[in-house]
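# Fold and geometry: a report
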Amino acid sequence: MQPTNLTDPTYFHKVVDCQYACPAHTPVPEYIRLIGQGRYTDAYMVNWVSNVFPGVLGRTCDRPCEPACRRGRVEENNGEKPEPVAICRLKRVAADNKDQSEIKARMPAIAPPNGRRVVCVGAGPASLTVARDLLPLGYQVTIFDAEAKAGGFIRSQIPRFRLPESVIDEETDYILEMGVDFKAGQRVESLSGLMAEGYDAVFVGCGAPRGRDLDVPGRKEAAANIHIGIDWLASVSFGHITSVGKRVIVLGGGNTAMDCCRSSRRLGGTDVKVIVRSGFEEMKASPWEKEDAIHEGIPIINFHVPKSFEHKSGKLLGMTFEVVEATYDDQGRRSLVPTGQPDVFFECDTVLLAVGQENAFPWIDEASGVDFNKWGQPVLGNDSFQSTSQPSVFFGGDAAFGPKNIITAVAHGHEAAVSIDRFLNKENTEKRPAPTTNLMSQKMGIHEWSYQNDVSNDTRFKVPWAESEKALANIRVEVELGFDAATAFKEASRCLNCDVQTVFNAKTCIECDACTDICPTDCITFTHNGEEPELRTRLRAPALELTQDLYVSSDLKSGRVMVKDEDVCLHCGLCAERCPTGAWDMQKFLLTTTNAGPLSRDQQATGSILESV
């Protein structure tokens, strides 16, 4: 194998598994260390630069970072599945304990107007991110939204028992108060009409506003008691619906279904059940969302396919289901086939349909020149989020590629802002400047580090909940209470500081094997080089995770090489402490992602738009 190229930003980025898995590439270990030090405002701002909505995401994020967490791979937990660091809940700690007045003082400065006008359709997380990134550059940003307040599906579809409205107001206001011209309560009826108003660029961030229906017998006749899940949640959020039938069936296996069933419990449903056609493990809902529903006494019934809505004179009586099972062909493709068991009937008063969402753009007229593919999604450039047929129009969030989640919408907003800025400066939007990185030694002495490198043996701490009686009696009572400062410190101490990298200098290595002797995970091997598949089998602990690169040094004096399995390294620093020649060092890796502004253009200027935060 060739020596590892440490100047490639992606190498050490992949080692910081949590940051690499985050669509917005939030520097997770960096803000967790700050939380452990009680520097909550600093931790909040580190988050804000990347994910824009720390308080919202600290309660509602889909947490792609946590399954990637190294702690979940290296921790021994008495035979039970190891638990990752509670990254999402620590983010909330920073949001809940920050100094709000200091946050406002640290918002980025706004440049003088540059004469260019950008309009965003929809005030959801993608549009707000575009505004946050472009306003400091001097762009005039206008946002249209049909609702009275900003937030998009953050406000309309996430129940208040998960996300208080005060948190949404605070974090959307940070952006609106930067100078957004917010057209509240104004629905855009025609894209071509909007373009005719002379905006230099249009960003479409209106989400995926249409929930899928279920066309089975009885749907039309019993329509009065059958509701589309996302529309029903919006009506609940805005106070238009305050009660539900006693017996409720929720169809669907995603997070919307979990929100529907838990909301139903709080609105008077005493017999609430979720029924899905797939298996429990195949449900799209996040594992913790399923756990929360079950914790609140809501059964999830799997492998039942809806056959009909049963009714009498238009009154819904219940639903009939066919029982199926999963079978797999030689290629591992799954099919659901009938078991032959008798159909199952469940009584109900209300049915909530949460079987999927799809894009709906009735307001994007043909005259706008925007092309769509056969799935009804806009045809966009690679990673640019720019319409291939109408260069001044950009998309992001669910409007771009269908329903995802908040953090993905934020990531889209960042990328679209870069494209808009490059487009309006007459530069190629397909060219994406690479992120910048640096490595900084954490050495304070021969055996001292500027970070806490002890590996905590604590297992993951549980977030306290409000009392069930209070939580289920009021849909606006927040269920999770968040960590207190002491628990947050202990949970933050579980982080392995994966951004503090082990950096090896082959020139000073004397091959004494001290580092291999002390390594607690046997992840360091000195051996002869070879082809990667064969080399992986010769390591002290065979490196089986093929998606994680091996760290391979240049040739040592003996002709051997140092090979390190990054996948299971604890970043404990014991190798560097034990090394008598300083061949090993612990160096903090910082990835600076590409943001809209002069540094992301071909004709660069000095300074960083967000450096003030």
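Above this text is the structure in question.
Bear in mind that the values here come from a model prediction, so they are computed numbers and not experimental data.

### Description of the sheet that holds strand S8 (residues 271–275)
Judged by pairing direction, the sheet is parallel, and its five strands sit side by side in the order S6-S14-S7-S8-S9 without closing on themselves. What marks the edges here is a single partner per strand, and that holds for strand S6 (226–228) and strand S9 (300–301). Bridge count for strand S7 (residues 247–251) against S8 is five bridges, and the pairing is parallel. Pairing of Val248 across the sheet is with Val272, part of S8. With respect to the sheet, helix H14 (residues 229–237) is in contact with S6 and strand S14 (350–353), its orientation differing from that of S6 by roughly 90°.

### A short note on the packing of helix H4 (residues 40–51) against helix H8 (residues 87–97)
Contact geometry for H4 and H8: axes closest at 8 Å, N-to-C directions at 115°. At the point where H4 passes H8, the crossing takes the left-handed sense. Here Tyr40, Ala43, Tyr44, Asn47 and Asn51 of H4 come into contact with H8, specifically with Lys91, Val93, Ala94, Ala95 and Asn97.

### Some details on the sheet that holds strand S16 (residues 393–395)
Taken in spatial order, the five strands line up as S3-S2-S1-S4-S16 in an open sheet, and their pairing is parallel. Looking at the sheet topology across the chains shown, the edges are occupied by strand S3 (181–184) and S16. Ignoring strand direction, the axes of neighbouring strands in this sheet form an average angle of 20°. Here strand S1 (residues 117–121) pairs with strand S2 (residues 140–145) via five bridges, running parallel. Among the inter-strand pairings, Val121 is bridged to a residue of S2, identified as Phe144.

### Looking at unusual backbone geometry
Unusually for a residue other than glycine, Ser313 sits at a positive phi of about 55°. The topology assignment puts Ser313 in the loop between strand S10 (304–312) and strand S11 (315–328). Among the residues examined, Ser313 registers a relative accessible area of 80% and is labelled exposed. Of note in the backbone geometry, Glu511 takes a positive phi value of approximately 55° without being a glycine. In this structure, Glu511 sits in the loop between strand S18 (500–504) and helix H21 (514–518).

### Description of the side chain of Gln386
Note that Gln386 resides in the loop between strand S15 (357–358) and S16. For Gln386, a relative accessible area of 11% corresponds to the buried category. At 2.5 Å, the side chain of Gln386 forms a polar contact with the side chain of Thr429. The residues touching Gln386, leaving out its near neighbours within four places in the chain, are Val379, Leu380, Gly381, Pro391, Val393, Phe394, Phe423 and Thr429.

### Structural notes on the packing of aromatic side chains
Counting across every chain of the model gives twelve aromatic pairs. Ring geometry for Phe504 and Phe526: centres 6.3 Å apart, planes at 65°, overall edge-to-face. You can see Phe504 sitting in strand S18 and its partner Phe526 sitting in strand S19 (residues 524–527), a full 22 residues away along the chain. Exposure remark for Phe504: the relative accessible area of 9% places this residue in the buried category. Phe526 gets classed as buried once you look at its relative accessible area, which sits at 11%. Linked through ring pairs, Tyr11, Phe12, Tyr551 and Phe589 together constitute an aromatic cluster. We note Arg266 situated over the ring of Phe161; from NZ or CZ to the ring centre the distance is 3.9 Å.

### A look at the state of the cysteines
Think of a disulfide as a covalent bridge from one cysteine sulfur atom to another cysteine sulfur atom. The final tally for this structure, using the stated rule, is zero disulfides. Cysteine Cys498 remains unbridged, with the sulfur of Cys18 as its closest cysteine sulfur at 6.2 Å. Take Cys509: it sits in no disulfide, and the sulfur closest to it among the cysteines is that of Cys515, at 6.5 Å.

### With respect to the environment of His25
Secondary-structure assignment places His25 in the loop between helix H2 (17–21) and helix H3 (28–36). Accessibility expressed as a relative area gives 25% for His25, which makes it partly exposed. In the structure, His25 is positioned 129 residues away from Ile154 in sequence and 21 Å away in space, judged by C-alpha atoms. When neighbours within four sequence positions are excluded, His25 is seen to be in contact with His13, Gln19, Tyr20, Ser50, Leu591 and Thr593. Within polar-contact distance, the side chain of His25 engages the side chain of His13 at 3.5 Å.

### Topic: the pattern of salt bridges
Note that side chains of opposite charge can pair when their charged atoms are close. A complete count under the given rule lists 49 salt bridges for this structure. Between Asp42 and Arg39 there is a salt bridge; the shortest N-O distance is 3.0 Å. A relative accessible area of 22% places Asp42 in the partly exposed class. In this structure, Glu358 and Arg212 form a salt bridge, with 3.5 Å as the shortest nitrogen-oxygen distance. Within this pair, whereas Glu358 is found in strand S15, its partner Arg212 is found in the loop between strand S5 (210–211) and S6, the two being separated by 146 residues in sequence. By sharing partners, the salt bridges in this structure join Arg162, Asp259, Arg262, Arg266, Glu289, Asp292 and Glu296 into a single network.

### Let's talk about the side chain of Ser263
Within the element layout of this structure, Ser263 appears in helix H15 (residues 255–266). Here Ser263 falls in the buried class, since its relative accessible area comes to 0%. Non-local contacts of Ser263, meaning those with residues more than four positions away in its chain, are made with Pro159, Phe161, Trp232, Leu233 and Ile475.

### A closer look at H4
Every α-helical turn comprises 3.6 residues, leaving residues that sit three or four positions apart pointing alike. With twelve residues, H4 should cover 16 Å at 1.5 Å per step; its first-to-last C-alpha distance of 16 Å lies within 8% of that length. Within H4, nine of the twelve residues are buried, which leaves the element mostly enclosed by the surrounding structure. Those residues of H4 that fall on the buried side of the exposure criterion are Tyr40, Thr41, Ala43, Tyr44, Met45, Asn47, Trp48, Ser50 and Asn51. Phi turns positive one or two residues past the end of H4, at Val52, with a value near 70°.

Criteria and cut-off values
Residues numbered from 1 in each chain as written. Predicted model: local features only at pLDDT ≥ 70, side-chain atom pairs only at ≥ 80, totals over all residues. Heavy atoms only, no water. Pairing = 2+ DSSP bridges. Helix = DSSP H or I, 4+ residues; strand = E, 2+ residues; numbered from the N terminus. Contact = heavy atoms within 4.5 Å. Axes fitted to C-alpha atoms, helices over the stretch in contact; angles between N-to-C directions. Left-handed = near helix turned anticlockwise from the far one by under 90°. Buried < 20%, exposed > 50% of the residue type's maximum accessible area, 1.4 Å probe, protein only. Polar contact = N/O pair within 3.5 Å; in protein donor to acceptor, adjacent residues only side chain to side chain. Phe/Tyr/Trp six-rings, centres within 6.5 Å; stacked < 30°, edge-to-face > 60°. Lys NZ or Arg CZ within 6 Å of the ring centre and 35° of its normal. Disulfide = S-S within 2.5 Å. Salt bridge = Lys/Arg side-chain N within 4 Å of Asp/Glu carboxyl O. Expected span 1.5 Å × (residues − 1).

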